[in-house]
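Observations on the model geometry
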Amino acid sequence: MKSIYFFGNGKADGSAADKNLLGGKGANLAEMTRLGIPVPPGFTISTDVCSYYMESDNYPDKLKLQVATTLEKVEKIMSQKFGDVNNPLLLSVRSGARKSMPGMMETVLNVGLTIKTIPGLIEKSGDEQFVYDAYRRLITMFADVVMEKAAGIEPAEGESIREKLDKIMEVEKKKNRTKTNSELSVNSLKQLCQKFKVEIKSSIGKDFPDDPHIQLWESITAVFKSWNGKRAISYRNIENIPHQWGTAVNVQAMVFGNMGDSCATGVAFTRNPSTGENNIYGEWLPNAQGEDVVAGLRTPNPINNLNSNNNSKRIISLKDHMPEIYNELDGIQDQLEKHYKDMQDIEFTIQSGYLWMLQTRTGKRNGFASVRMAIEMLEEKLIDEKTALQRVKPEQLDEIMHPMLDAEAEKKSKLFAKGLPAGPGGASGQIVFTSNDAEMWHKTGKQVILVRNETSPEDVHGMFASKAILTARGGMTSHAALVARGWGKCCVVGCADLQISAQDKTLSTNGTVLHEGDWLTLNGSSGCVYEGTIPLKEVDLNANIHFQKLMKIADRFRKLGVRTNADSPKDAQTALKFGAEGIGLCRTEHMFFDPERISAMRELIIAKDKNNRRKAIMKLLPHQRKDFYGILKAMAPHPVTIRLLDPPLHEFLPQEKNQISKLANKLHVSIKELNTRIKNLHETNPMLGHRGCRLGISYPEITEMQARAIFEATAQLVMEEKSPLPEVMVPLVVTVMEFKHQKEIIDNMAETVKKETGVTFEYLVGTMIELPRACATADQIAKEAEFFSFGTNDLTQTTYGFSRDDIGGFLPEYLDHKIIPVDPFQSIDQEGVGSLVIMGVKKGRVVNSKLKIGICGEHGGDPSSIHFFHKTGLDYVSCSPFRVPIAKLAAAQAILID
Ligand code: PEP
Ligand code: MG
């Protein structure tokens, strides 16, 4: 097998098409080299080697030889030799997986510096300070990545070798009264390197290796091993990246951004990843190595004045400082974006006035930016409509609909601090100072904001659990910003005025001290931070023209209709604003909970005979008529599927003693009698008990009342020259006989109302298909029903036998042990529950080829389930109002995958 892929001097063995084998970074280095872009030469060791190493703990036979011969090619291009005493070549060793996992795996830089090669490099560079700075970086990275992490050593918090070495350096800096690492004198750096070695020996019990080849091979191995590092695994679990992929390793000639004032390093996006604006957006640092920008230890300079921010507006941009290099970079970024036809995230280094490109990859972006870029690239004719539709992940639309801070309330709030706006929207939460605390508090149902000086990849689990993230250091491309943006989380970084003590669990600025658990509010779109909470406000989607355009394209492509689940005129209106094409589920039981109604409901349940029951239920008629009138009116002429009462009756009864005695008083029955009635209504398995159409069969007057309310509201609207379209839906049907029984009552009531009012109107009577038997006998039911709506919540519950209310008790273990891949209540189980849906559709359509079929379970708003429903030939999905745009986009994407 070919294990090594060379790139350099305009030639490359691989290309962008080889991502699986070379990882994203390696494939793109090869591609950039082929495009004639200046890339330091090097080679990629393939992901196959990673898999081989993971399985056998060894390398393929000829690998060492192949590395040696390829290294010679690199040496030739660079006119340097690895390990040479006079003219040493230094190497970087970096990971690179198929899908980008920012900061999750390891890197070792400056490999090849030893006691013997140091003088040669000093001679060549003429800069002793630079060489020792590079050496202390190598020692630190090597000790951390190779000697500790890859060796599987797990130190306690604050005790890692990196933290120990950082502490030694802080002491040295204090002693020398220097602020930045690069200001340390040669002597200090020399001493520092010596102290580092002593600390490593005493902490780890091994010497830092002074042999370039040992450094290289141990670094390569450590990078492969970092694929199975804790944080890489946890990131893959969150992002659903398969664990068997493995990483590639890129070994590349080092170029230096820290060799003096004509050197620099930076990162940039070809468009702004927060707003989508078509401007190169990035940060750079003079006289620095790449890790300095991402680590956020120094405030980076802006690339140009268009993207300077509060913290960086006073420092010089690359455009002003090195105009020629800036123009070259601008040309390259333009070339890359046109070549890849997507926004790129690039890394570069300037060594002694020469620009080198170190990386290009598709840039992560938030929902706003994603939509804007898709539409603008379409308008620029860079991509076509189908590509534009696929550029936005449906879930990202959630961010666009994210609540923002109420502007009026925000104006009145006192600013606590200001940082950089790294992740959009607003959020309030209780502050915590460690990622473990964030995760723990989140598990207990708390809403937290993670507060850190800076975040590192070790923090991903805590960031994931947090509502928002706040850091004191770092720029817009710092780790916290990148990760938050990827997840669409509210995030403020670089809040320089904050003093954070993770040890004391305090956060202070200008004399105000906050403690763990105190509330804070962030505006991730402006960078403002406030003490306490601020109400959030919905966003105006009409003002987002890019979103509107994207939705128009989605509407043109999709076949699947998108309705909404709504129980009130207000929800119906919200859903209409988001583009809902009707109501797929109106759960009438949600209407019974205000005090007047619940009391009538309770009267109905307690009633001893039909007469009293009818009296009680008739009290509900005017309320229900008003409800249905409002919803049908808001939605007309779109259809509204109104489901008859579904939950077990005891759900409406009081549970607590004093409530029971109050009710007994009100209904003029004894407490004892009431308690007996409550006891009689108690069911061992209420989800499988007296609910759904079983209620309408036991108490037909409930169905009569609801049907009357629906039809009277309809008649009223017809008289007002509206075009209401009610669809009456019978819940939880298992046999066609249940359906026939209920349909007769409904149809009779329609006739009665028509006669009473003298108005004719249209309506349909259909059923929920939410039990396996209903799927199996769908052909019989379809003979009577005018529509089907799959209730995939109950269908999942009854197919798995997993209680939808109690699955939380064992689901985490099921997911951890990979017994099931995802929560089946969130994403449809296509093999099991899905095959019942397919059966129901087929059987139903055999009898009635025009049968209208929808789905109104929670899966109606889940993109991957939507793809399945599209394939299955459903007419529409119905989901909560806020998921309507998500469902529309997913439905359009389903056509493209079909
Ligand atoms: C369902 O079961 O999928 C459904 C929509 O009904 P409910 O969630 O109200 O039981
Ligand atoms: Mg149901």
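Our subject in this report is the structure included herewith. Note that the structure is predicted; figures quoted are calculated from it, not measured.

Some words on unusual backbone geometry
- Cis geometry marks the peptide bond from A636 to P637, where omega comes out at 5 degrees.
- Take P637: it is sitting in the loop between α23 (610-635) and β29 (639-643).
- Despite not being glycine, K341 has its phi angle at roughly 55 degrees, a positive value.
- Tracing the backbone shows K341 in the loop between α12 (323-340) and β12 (344-351).

As for the pattern of salt bridges
- On inspection of all chains with the given rule, the structure shows 48 salt bridges.
- R361 is the partner of D345 in a salt bridge, and the nearest nitrogen-oxygen pair spans 3.2 Å. Within this pair, whereas D345 is found in strand β12, its partner R361 is found in strand β13 (residues 354-362), the two being separated by 16 residues in sequence.
- One salt bridge in this structure joins R473 and E454, with 2.9 Å as the shortest N-O distance. Taken together, the residues R473 in the loop between β19 (468-471) and α19 (479-487) and E454 in the loop between β18 (448-452) and α18 (460-465) connect sequence positions 19 residues apart.

Looking at the packing of helix α2 (residues 47-56) against helix α8 (residues 212-226)
- The contact between α2 and α8 brings their axes to 10 Å, and the two run at 85 degrees. One element, α2, and the other, α8, form an angle in the roughly perpendicular class. Touching V49, C50, Y53 and M54 of α2 are T221, F224 and K225, all from α8.
- Among the residues making up the contact of α2 with α8, the classes are represented as 5 nonpolar, 1 polar and 1 charged.

Thoughts on empty space enclosed by the protein
- On inspection of all chains with the given rule, the structure shows 4 cavities of 30 Å³ or more.
- Approximately 60 Å³ is the volume found for the largest cavity.
- If you go around the largest cavity, the residues you meet are S100, P102, D345, R361, T362, G363, K364 and L482.
- Its residues assigned to classes, the lining of the largest cavity shows 2 nonpolar, 3 polar and 3 charged.

Let's talk about the side chain of R597
- Looking at the secondary structure, you find R597 in helix α22 (residues 595-606).
- By relative accessible area, R597 is classed as buried at 9%.
- For R597, the side chain forms a polar contact with the main-chain oxygen of M591, separated by 2.7 Å.
- Setting aside anything within four residues of it in sequence, one finds R597 in contact with M591, F592, L620, H623 and D627.

Considering the packing of aromatic side chains
- Taken as a whole and judged by the stated rule, the model has 19 aromatic pairs.
- Consider the rings of Y53 and F224, whose centres lie 6.5 Å apart with planes at 20 degrees: the pair is stacked. Residue Y53 is located in helix α2, and its partner F224 is located in helix α8; the two are separated by 171 residues in the primary sequence. In this structure, Y53 and F224 share a single accessibility class: buried.

Observations concerning the packing of α23 against helix α27 (residues 700-719)
- The interhelical angle for the contact between α23 and α27, taken along N-to-C directions, is 35 degrees, at an axis separation of 7 Å. Taken as a pair, α23 and α27 cross one another with a handedness that is right-handed.
- Within the contact of α23 with α27, the residues separate by chemical class into 13 nonpolar, 4 polar and 9 charged.

Some points on the site of ligand 1
- In the vicinity of ligand 1 there are 14 residues, among which R587, R643, G791, N793 and R804 approach most closely.
- Within the side chain of R643, an N or O atom sits 2.9 Å from an oxygen atom of ligand 1.
- In the environment of ligand 1, an oxygen atom lies 2.7 Å from a nitrogen or oxygen atom belonging to the side chain of R804.
- Protein chains bury 96% of the 290 Å² of accessible surface belonging to ligand 1 in isolation.
- Mapped by element, the contributors of at least two residues to the shell around ligand 1 are β28 (583-587) and α31 (792-800).
- Per element, the largest residue contribution to the shell around ligand 1 is 3 residues, and it comes from α31.
- Of the residues in the shell around ligand 1, the class split is 3 nonpolar, 4 polar and 7 charged.

Things to note about the coordination of the magnesium ion (ligand 2)
- The magnesium ion (ligand 2) binds to the protein through E770 (OE) and D794 (OD), with metal-donor distances spanning 2.0 to 2.1 Å. With E770 in the loop between β31 (764-769) and α29 (772-776) and D794 in helix α31, this residue pair connects regions lying 24 residues apart in the sequence. Taken individually, E770 and D794 each receive the classification buried, so the pair is uniform in this respect.

Thoughts on the sheet that holds strand β11 (residues 301-302)
- The 5 strands lie next to each other as β11-β10-β9-β12-β13, forming an open sheet whose pairing is antiparallel. In this open sheet, the two edge strands, each paired with only one partner strand, are β11 and β13.
- Where strand β9 (residues 264-269) meets strand β10 (residues 281-286), 6 bridges bridge the pair, whose relative direction is antiparallel. By the bridge assignment for β10, G266 is matched with W284.
- Sheet strands touched by α12: β12 and β13. Its angle to β13, the strand with the most contacts, is close to 30 degrees.

Here we look at the pairing of strand β22 (residues 506-509)
- Burial of β22 is two-sided: the residues T506 and S508 facing one way and the residues L507 and T509 facing the other way are all buried.
- Note that strand β21 (residues 499-501) and β22 share 3 bridges and pair antiparallel. Looking across to β22, one finds that S501 is bridged to T506.
- Between β21 and β22, which pair antiparallel one after the other, the connecting turn spans 4 residues, and K505 there sits at a positive phi close to 55 degrees.
- Pairing geometry for β22 and strand β23 (residues 512-515), over 4 bridges, is antiparallel.

A closer look at the sheet that holds strand β33 (residues 852-855)
- Around the barrel, 8 strands lie side by side as β27-β28-β29-β30-β31-β32-β33-β34; this closed barrel has parallel pairing. Averaged over all neighbouring strand pairs, the angle between strand axes comes to 30 degrees, with direction disregarded.
- Sheet topology places β29 next to strand β30 (residues 725-730); 5 bridges connect them, and they run parallel. In the strand pairing of β30, T641 is matched with E727.
- Here helix α28 (residues 736-757) sits on the sheet and contacts β30 and β31; the angle it forms with β31, its principal contact strand, is near 150 degrees.

Cut-offs used in this document
Residues numbered from 1 in each chain as written. Chains lettered and ligands numbered in written order. Predicted model: local features only at pLDDT ≥ 70, side-chain atom pairs only at ≥ 80, totals over all residues. Heavy atoms only, no water. Helix = DSSP H or I, 4+ residues; strand = E, 2+ residues; numbered from the N terminus. Salt bridge = Lys/Arg side-chain N within 4 Å of Asp/Glu carboxyl O. Axes fitted to C-alpha atoms, helices over the stretch in contact; angles between N-to-C directions. Parallel < 35°, antiparallel > 145°, perpendicular 65-115°, else oblique. Contact = heavy atoms within 4.5 Å. Nonpolar A, V, L, I, M, F, W, Y, C, P; charged D, E, K, R; others polar. 1 Å grid on protein atoms, 1.4 Å probe; cavity = no way out; pocket = protein on both sides within 12 Å on 5 of 7 lines; lining within 4 Å. Points joined across faces, edges and corners; volume = space filled by probe spheres on them. Buried < 20%, exposed > 50% of the residue type's maximum accessible area, 1.4 Å probe, protein only. Polar contact = N/O pair within 3.5 Å; in protein donor to acceptor, adjacent residues only side chain to side chain. Phe/Tyr/Trp six-rings, centres within 6.5 Å; stacked < 30°, edge-to-face > 60°. Left-handed = near helix turned anticlockwise from the far one by under 90°. Near = heavy atom within 4 Å. Areas by Shrake-Rupley, 256 points an atom, 1.4 Å probe, with all protein chains shown as cover. Donors = N, O, S within 2.8 Å, 3.2 Å for Na, K, Ca; no water. Pairing = 2+ DSSP bridges.

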